[in-house]
Structures are given as C-alpha cells and as structure tokens.
Amino acid sequence: MQFTDFWIGKIQADKLPEALDTAGLIKYLSVYTSDEQCFHIIFQWHETTLKRSSDWWFPKQELLNVIQAKISKKGVTDTLRHCLELLDTSEKKTLSVAADKVNIQIDILLHGGPELLISRRDSLGIIVIEFLSNIKSTRQREYWTAFVDHCLNVGEGSAPNRKWWKKAKELVGRINAEHFIAKLKDWISFSHGLLMRIHEGRDHSFVDYDIDFLSAINHNMLKAVIWCSAIPDNKALLDILEPYALWAYKKKEGIGPLSAKTGTACIYALTFLPFREALTRISRFRSLIRHAGILKSIDKILHELAEEHDIPLYELEEYIVPDYGLNKEGTVRVQIGTDLIGVYAIGNTGKSTVSWERDGKPAKGPHAWFAPGMEFKRLTREIDQALINNSARIERAFMRMTPWPYSHWKIYYLDHPLVRTLTTRLIWKFNTNGLLTTGYYLDGLFIDCTGKPLTVTEETAVSLWHPMNEPAKTVKAWRNFLDQRHIDQPFKQVDREIFTPNNVELADGFYSSRFASQVLNKQKFKNVITQRGWTLRQKAQHNWAYIPYIQLTDWDIRVNFFADRKEEETVLTDMINFYKEGEPLALRDVPAVIFSETIRDISYFVNTAGTTELHNRS
C-alpha cells in the first residue's frame, strides 16, 4: 500500500497501516503536509505504538529529519514542539542506540546545549555535558569534545577495531595527560557508585526515562572511556577497573548483570598491563563469572592476548586455573555466619569431603535455606567441577610433544593448590641433561617405582608418562607401587588402553574406518567431544554435518572424525584421518602415542554417546 494514497483526504483516519511505504510517507510529509497534518500523523503512530512491544517499522530518524527541516525554516513552533514530544520514545524501557540518538536530537532541538549526541537522561551524561560546557580553554574544549564524540560512536563490539583504536590514541594524545587521567577516574568512579546504589535498591532513574543503569548511547560511551583508560599507561587508573568490574558483572535479581559490556571493557583494558599481571587479574575475574556469554567474551580477549605474546592456548589454560582459596593440603575453610566454619578437603584418593566446625569442634551444617551456607556449597561444587576439568586438561598432555621446564611445571602443577591434588597422583618422566628417569612425587621427594630417590634440577624437562613402548615389567612395577599405597589416579595411566593401526587400516593407508557406521545420540556426542578438548565444526546440510577435530599444535597435526546427521537427534559416524602441514598423513607415519590417544578418545565418544543401533549401509 502506498502511504500517500492512504493518507490523502484521510489525515485523521482511525488506524495507521502496519505496512508503511517509508519513502512515500517521508515524501508526503516533506512536500504536501502542513505542520498540523504532521502532528496528526505522528499522533496516530504514537497512540498505536504505545500498545506494541516493537516499533522497528516506523522511520523515526527520517521523520525527525522532516521536522528538523521545517524547524530550520520557521523555528520551533508549538505544533512542531508537540511533534517532537510525540516522536520521543522515552516511555519505552529498552531502547536501541539508534532510538536513543533520536531522543537526544530531540532534546537538543527543544532545550539547546552541546551538539554532541550524548544523552541527558542519565546522570553520567549530565556530568559529561557540564564538564565540557565548563572547560575555559577553547582548544581543550575542542580536544575533549572530539574525544567524547569518538566514544559516542564506538559501536557494539566487545573490543575496539583497529581504526577506532588508532583514532582514539590520537585524540587522547592531544589532551593533557594528568587532566585526562583525573577525569577518567572521576567518571569511572561515579559510574561505580551508581552501580552500587542500584544494587542497594536506591532509585536513580529520571522520572520519564526508566533505565536499569545508563541510556544505550551513554552505556557505549562509558565502555569506550574504559577502553581508553589503558592509553595513558597509568597503573592507578587501571587499578580502579577491578572493583568497578566486580559491580558491573554482579547480577541484579530479575535483570542479570547491569553492565556486562563495561565489565568486559575493563578486562580489555587490563590486557595492557604486563603479561603475567594481566593474566593474574583477568583469571581472578573469570573465576567469579557464571554467565556463558560473558565467559565467551573474556575467553576471546584472553586468546587474543595469548596470541599477541606467542603463548600456546594449552599454556594459557595453565595460567588461569584459580586456586579457590585452597591451601597446599587441598583444604579451604570458609566462615559461615557468625560462628560456623565450612571445611572442604580433597583427600589423598582425590575424593572431596565437606564438614562443619563450631568452636573448633565438629558440628551440624546449616539449614538448606541459609544463604551463606548455600554460597559455600556452590563453591564446593565449583571446585569439584574444576577438578574434573583440570583432570581432562592434564590427560590431554599425553598428546603434547613439548615437555615442561621444571621451574614452570613446579609453579603451575606441583605447587598449585588445586592442580597439585591431581599432579601428586600421577607418574612423570624427567629428562635431566639427557638422563631419562620416571618418578612419582611422594612425601616431598621424587622416587622411582622401587622407592629410590631421583635427582631433579632446574634444567630438568618434565612430561606425562605414558605406558606405550614401556617394558611390561616396568608397567607392572608401577601398578604394584600404586596398589601398595592405595593411590587412585585421576584418570587411567598405568592401566591405560593402547591402540595401534590394524592390518585393514594399514592397507587403507590414510584413513581408519574402525568406528564407522555407528549411530550416536547427537546431544551426547556434542557434549562429550567438547569435554575431551575436541572442537565441533558444523558444515552445510548438503555436506558433512559435523566434523569434530582436534588440532595438535606441537605436532602440527590435525585429526578429523567425520560424522553426518542421520535423523534429527542422531549422528552417523564415518572415517578418521590425520593431516600434517595441510597434507594427508599416512597412518603408518602417525606418531604411535597420537594414534593410540585418538582412537581411545573416539572409542570413548562412541561408547558414551552410542545407541544399540548399527547403521546398515546397504
């Protein structure tokens, strides 16, 4: 329907059509209508959209342009003022940046002020506007205005693009550094206080603008300001980001985190600290986050940081394991209420226990509804899950070619309060200046399977011991060693299954069909491959639906396990192949431990996610 056909002679029609011809509407309003007719049309839209959850179909910015053109000719008449007031969408709680910009332009037309598209509908916007208005130096006002305008046009990304960041550094470089640092501290600290007041339940919104924290455009501006706090290389400025981020990520009942985007902006800014310090701070934040989307944003920043410093991802995983407050014995004690203490302990067998103490004596646990007690139980569940995750991470080290320097391994494995409980139940290989030994850490010493002490130095290289290619008597000796001491390993090591290529696979040459034609549960399959460190790549429907793969960076080998969707909830497996340097790798040339661990993994996938059905290719 052409809007012009509908409206000629029917300006005050009862209903506004939903299928609007935008071009026709704008042309008609621009050329043929009086101010009063403009008002009637916008009034009709306003009354209609108040009853709708979305008004995406109505061209607000284009309508504003029409009204601005009329104002430029005759000024703000009463009728055009009413048009602007109707076009304002402040009554809606959630606004896009585009809608927010329209409201800001309306404010400027009605009330005057700086021409920046910064919202005056929250307290941060008012503070920034007042600051810009009160700068006495014309040149400094120009520099600050350009900087704020750049922040207002930052977009929705979780990290700045290269072009925006280059321009930001140029603009910041023109401003007095001391003044810049002081003002950013003021704005971030003010926003921090605003978050705290909101969480305390104190009202903060303007009467006519119902928002959770900041208006959409000011929220993006604050995100950009936080990014730019890294530019001056001032530690005191970066230090205020940590307490701010904790409140930005904090959940408010019924809403969730009030400002995940500025919390993630803090993480980005912290990456400009020295590498180790940045990892320490960011990993501390990461351990406090539960929201999957936020974790994904933080992990993306961490991966980019690791890539920038040429750190492999498996090494990055070592750096960010939290200790959860555990001591060297694998115990954490948490005050519950006024007189109760919760005690979580990881025993020598790897099993965890929870107990309660009052005045140094065993006591009953708190009631199920007691909030501090629930928080402690949540912590214990997190530690239990961290043990599972890190056990799987260490197990993947069987496929690692590069050993750990002893100094590194000692910090992140032997001395780490959480990882230590796993490390001290495993067998390790030591290479000290060409001398190869196999040992176990017991009672503060490294010993071999006979109990003989081993010499380990800072020059020692450490790797996870694998029973493949070991003499049968050595494997048996280690089994006896563990059995005599009642040691339960976190995963199978001395009893590990070993696989080698069979005659059919060697004849085929480049692929294995050992697990082909198996029908698997799709959801279980997707879950289990992720747990084992594989990546699921989904393809177009006309091709392979799933290609789980694992990239072994040390070996420059990629392993593919082909699968296809059989039905809505099932997956049909196919062949396994190996690639090295982008070329197919013959099975006879695949390192023995890589082939064995790959087949073991896929066997686990099939056994865990498999059904009783076997696909009939005929």
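Remember, predicted model here, so these are calculated numbers, not experimental data.

In this section: the overall build of the protein. Summing up its helical and strand segments, the protein has 24 helices and 19 strands in all. Looking at the protein residue by residue over its 618 residues, the buried ones come to 49%. The long-range share in the protein, meaning contacts at least 24 apart out of those at least 6 apart in sequence, stands at 62%. Surface summary for the protein: the accessible area is close to 31300 Å², and the carbon and sulfur share equals 51%.

Here the focus is the sheet that holds strand S4 (residues 340-346). Strands sit in the order S3-S4-S5-S6 across an open sheet of four strands; the sheet is antiparallel. The outermost strands of the open sheet, each flanked by one partner alone, are strand S3 (331-336) and strand S6 (361-362). Pairing of S4 with strand S5 (residues 352-358), which is carried by seven bridges, proceeds in the antiparallel orientation. The residue bridging Val343 from the neighbouring strand is Ser355, located in S5. Strand contacts of helix H18 (residues 371-395): S3, S4 and S5, with the helix running at about 10° to S4, the strand carrying the most contacts.

Another aspect to go through is empty space enclosed by the protein. Enumeration over the complete set of coordinates arrives at three cavities of 30 Å³ or more. Approximately 70 Å³ is the volume attributed to the largest cavity. In terms of lining residues, the largest cavity is bounded by Ala392, Glu395, Arg396, Met399, Arg496, Arg532, Ile550, Glu597 and Asp601. Sorting the residues of the lining of the largest cavity by element identifies H18 and helix H24 (592-609) as the ones contributing at least two each.

With that out of the way, let us pick up the sheet that holds strand S10 (residues 445-447). Sheet strands associate in pairs through backbone hydrogen bonding, adopting either a parallel or an antiparallel arrangement. Read from one edge of the open sheet, five strands run S7-S11-S8-S9-S10, paired in antiparallel fashion. Each edge of the open sheet carries a strand with a single partner, namely strand S7 (404-405) and S10. Docked against the sheet, helix H21 (residues 472-484) engages strand S9 (435-442) and S10, running at close to 15° with respect to S9.

Take the confidence of the model for the protein next. Put simply, the protein has an average pLDDT of 83, and 86% of its residues get 70 or more. A low-confidence stretch, residues 1-20 stays under pLDDT 50, and its non-local contacts, those more than four residues away or across chains, total 40 contacts.

Taking 1.5 Å of rise per residue, twelve residues should cover 16 Å, and helix H9 (residues 162-173) covers 17 Å from first to last C-alpha, within 8% of that figure. All of the buried residues in H9 are Trp164, Trp165, Ala168, Leu171 and Val172. Buried residues of H9, seen end-on, are gathered within an arc of 125° and therefore sit on one face of the element. Among the exposed residues of H9, those oriented more than 90 degrees off its buried face are Arg162, Lys163, Lys166 and Gly173.

Looking now at the environment of Lys526. Assignment of secondary structure puts Lys526 in helix H23 (residues 522-531). Overall, Lys526 belongs to the partly exposed group, its relative accessible area being 23%. Along the primary structure Lys526 and Ala609 are separated by 83 residues, whereas in three dimensions their C-alpha atoms are 8.8 Å apart. The residues touching Lys526, leaving out its near neighbours within four places in the chain, are Leu536 and Tyr546.

Moving on: the pattern of salt bridges. Inspection of the entire model under this criterion finds 23 salt bridges. The closest approach of N and O atoms between Arg333 and Glu357, which form a salt bridge, is 2.4 Å. Of this pair, Arg333 sits in strand S3 while Glu357 sits in strand S5; the two residues are 24 residues apart in sequence, bridging distant segments of the chain. Residues Glu395 and Arg600 are paired through a salt bridge, measuring 3.3 Å at the closest nitrogen-oxygen approach. With a gap of 205 residues between them, Glu395 in helix H18 and Arg600 in helix H24 connect regions that are remote in the sequence.

Our focus in this paragraph is the nonpolar core. Grouped together as the largest cluster of nonpolar side chains are 109 residues, with contacts concentrated most on Trp144 and Phe147. Residues within four places of Phe147 in sequence aside, it is in contact with Leu171, Val172, Ile175, Phe180, Leu184, Val225 and Cys228. Within the second largest apolar cluster, 31 residues are counted, among which are Trp534, Trp555, Ile576 and Val590.

Between helix H10 (residues 177-199) and helix H13 (residues 241-249), whose axes approach to 9 Å, the crossing angle comes to 30°. In terms of orientation, H10 lies roughly parallel with respect to H13. Both H10 and H13 take part in a crossing whose hand is left-handed. Within the contact between the two elements, H10 uses Ile188, Ser191, His192, Leu195, Met196 and His199 and H13 uses Leu241, Pro243, Tyr244, Trp247 and Ala248. Residues that form the contact of H10 with H13 fall into these classes: eight nonpolar, three polar and no charged.

A separate point is the packing of helix H8 (residues 138-152) against H10. Interhelical geometry of H8 versus H10 gives an angle of 45° and a closest axis separation of 13 Å. Looking at the two axes, H8 sits oblique to H10. Where H8 crosses over H10, the handedness of that crossing is right-handed. Taken together, the residues of H10 that come into contact with H8 (itself represented by Trp144, Phe147 and Val148) are His179, Phe180, Lys183, Leu184 and Trp187. Residues belonging to the contact of H8 with H10 are distributed by class as follows: six nonpolar, one polar and one charged.

Another aspect to go through is the packing of aromatic side chains. Enumeration according to the criterion identifies 30 aromatic pairs in this entry. Ring centres 6.3 Å apart and planes at 75° place the aromatic pair Tyr406 and Phe446 in the edge-to-face group. With Tyr406 in helix H19 (residues 406-414) and Phe446 in strand S10, this residue pair connects regions lying 40 residues apart in the sequence. An identical accessibility class is assigned to Tyr406 and Phe446; each is buried. The ring of Tyr604 is capped by Arg532, whose NZ or CZ atom sits 5.5 Å from the centre of that ring. The ring of Tyr549 has Arg558 sitting right over it, with the charged end atom 3.7 Å from the ring centre.

Turning our eyes to something else, we now look at the environment of Arg479. Looking at where Arg479 falls in the secondary structure, it is placed in helix H21. We classify Arg479 as partly exposed; its relative accessible area is 35%. Each C-alpha atom of the pair Arg479 and Gln493 lies 9.5 Å from the other, and the pair is 14 residues apart in sequence. In this structure, Arg479 is in contact with Val494 and Asp495, ignoring residues within four places of it in sequence.

Our focus in this paragraph is the side chain of His416. Within the secondary structure layout, His416 lies in the loop between H19 and helix H20 (420-423). The exposure class of His416 is buried, given its relative accessible area of 9%. Only 2.9 Å separates the side chain of His416 from the backbone oxygen of Val321, close enough to count as a polar contact. Sequence-distant contacts of His416, that is, excluding residues within four places in its chain, are made with Val321, Pro322, Asp323, Lys410 and Ile411.

What counts and how
- Residues numbered from 1 in each chain as written.
- Predicted model: local features only at pLDDT ≥ 70, side-chain atom pairs only at ≥ 80, totals over all residues.
- Heavy atoms only, no water.
- Helix = DSSP H or I, 4+ residues; strand = E, 2+ residues; numbered from the N terminus.
- Buried < 20%, exposed > 50% of the residue type's maximum accessible area, 1.4 Å probe, protein only.
- Contact = heavy atoms within 4.5 Å.
- Areas by Shrake-Rupley, 256 points an atom, 1.4 Å probe, with all protein chains shown as cover.
- Pairing = 2+ DSSP bridges.
- Axes fitted to C-alpha atoms, helices over the stretch in contact; angles between N-to-C directions.
- 1 Å grid on protein atoms, 1.4 Å probe; cavity = no way out; pocket = protein on both sides within 12 Å on 5 of 7 lines; lining within 4 Å.
- Points joined across faces, edges and corners; volume = space filled by probe spheres on them.
- pLDDT = per-residue confidence, 0-100.
- Expected span 1.5 Å × (residues − 1).
- Arc of directions from axis to C-beta.
- Salt bridge = Lys/Arg side-chain N within 4 Å of Asp/Glu carboxyl O.
- Core = buried A, V, L, I, M, F, W, Y, C linked by side-chain atoms within 4.5 Å.
- Parallel < 35°, antiparallel > 145°, perpendicular 65-115°, else oblique.
- Left-handed = near helix turned anticlockwise from the far one by under 90°.
- Nonpolar A, V, L, I, M, F, W, Y, C, P; charged D, E, K, R; others polar.
- Phe/Tyr/Trp six-rings, centres within 6.5 Å; stacked < 30°, edge-to-face > 60°.
- Lys NZ or Arg CZ within 6 Å of the ring centre and 35° of its normal.
- Polar contact = N/O pair within 3.5 Å; in protein donor to acceptor, adjacent residues only side chain to side chain.

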